Amino acid sequence: MSEPTLLLVEDDANVASTVSARLTAEGFAVTHVATVRSARDALLRQRFDAAVLDVGLPDGNGFE
């Protein structure tokens, strides 16, 4: 069985690195992006099982 895929949308590089490392250690395949636009592009290219979203992003918010 393949590992679950997660989209991590976080603009703070330190937070993204920490969260990504922890999720990867737990068996998830993590794709990290830093903006709403990048998240939308990633969603057009790949199917994810779940997303972890930052609320405050430079070009919008995680609620969008």
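The coordinates are above.
Computed from a predicted structure; not experimentally measured. (Residues numbered from 1 in each chain as written. Predicted model: local features only at pLDDT ≥ 70, side-chain atom pairs only at ≥ 80, totals over all residues. Heavy atoms only, no water.)

*Asks:* Go over the overall build of the chain, please, and point to the residues and values.
*Replies:* Helices and strands together make up the secondary structure of the chain, namely two helices and five strands. Each helix (α) and strand (β) of the chain, taken in turn from the N terminus, gives the series β-α-β-α-β-β-β. Since a compact globule built from 64 residues should have a radius of gyration of about 11 Å, the 11 Å found for the chain is in line with a globular shape. The principal-axis extents of the C-alpha atoms in the chain amount to approximately 35 × 25 × 15 Å. Every one of the 64 residues in the chain was classed for burial, and the buried ones make up 25%. Counting only contacts in the chain whose residues sit at least 6 apart along the sequence, the fraction spanning at least 24 positions is 60%. Accessible area of the chain: about 4,400 Å², with a carbon and sulfur share of 53%. Separation of charge centres in the chain, based on 5 positive and 10 negative side chains, amounts to 7 Å. (Helix = DSSP H or I, 4+ residues; strand = E, 2+ residues; numbered from the N terminus. Rg over C-alpha atoms; globule rule 2.2 N^0.38 Å. Buried < 20%, exposed > 50% of the residue type's maximum accessible area, 1.4 Å probe, protein only. Contact = heavy atoms within 4.5 Å. Areas by Shrake-Rupley, 256 points an atom, 1.4 Å probe, with all protein chains shown as cover. Lys, Arg positive; Asp, Glu negative; His and termini not counted. Charge placed at Lys NZ, Arg CZ, Asp CG, Glu CD.)

*Asks:* If you had to explain the environment of Asp54 to someone new, which residues and values would you point to?
*Replies:* Along the chain, Asp54 falls in the loop between strand 3 (50–53) and strand 4 (56–57). It is 9.2 Å that separates the C-alpha atoms of Asp54 and Asp12, two residues lying 42 residues apart in sequence. Once residues lying within four places of it in the same chain are set aside, the contact partners of Asp54 are Val9, Glu10, Asp11, Asn61 and Gly62.

*Asks:* Describe the layout of surface pockets, naming the residues involved and giving the relevant values.
*Replies:* Of the voids in this model, the largest pocket is the one considered here, and its volume is about 150 Å³. Residue lining of the largest pocket: Leu7, Val9, Val36, Ala39, Arg40, Leu43, Leu53, Leu57, Asn61, Gly62 and Glu64, and that is the complete set. At the level of elements, strand 1 (5–9) and helix 2 (36–45) are the ones that each hand at least two residues to the lining of the largest pocket. For the lining of the largest pocket, the element with the most residues is helix 2, which contributes four residues. (1 Å grid on protein atoms, 1.4 Å probe; cavity = no way out; pocket = protein on both sides within 12 Å on 5 of 7 lines; lining within 4 Å. Points joined across faces, edges and corners; volume = space filled by probe spheres on them.)

*Asks:* Residues and numbers for helix 1 (residues 13–25), please.
*Replies:* Its 13 residues place the ends of helix 1 18 Å apart at the C-alpha level, agreeing with the 18 Å of an ideal helix rising 1.5 Å per residue. Among the residues of helix 1, those classed as buried are Ala16, Ser20 and Leu23. For helix 1, the angular spread of the buried residues around the axis is 70°, confining them to a single face. Of the exposed residues in helix 1, the ones pointing more than 90 degrees away from its buried face are Asn14, Thr18, Arg22 and Ala25. Next to the buried residues of helix 1 lie strand 1, strand 2 (29–33) and strand 3. The backbone nitrogen of Asn14 lies 2.9 Å from a side-chain oxygen of the residue at the head of helix 1, namely Asp12. One or two steps after helix 1, the chain reaches Gly27, where phi turns positive at roughly 100°. (Expected span 1.5 Å × (residues − 1). Arc of directions from axis to C-beta. Polar contact = N/O pair within 3.5 Å; in protein donor to acceptor, adjacent residues only side chain to side chain.)

In short, the description is geometric, and any link to function would need to be established separately.
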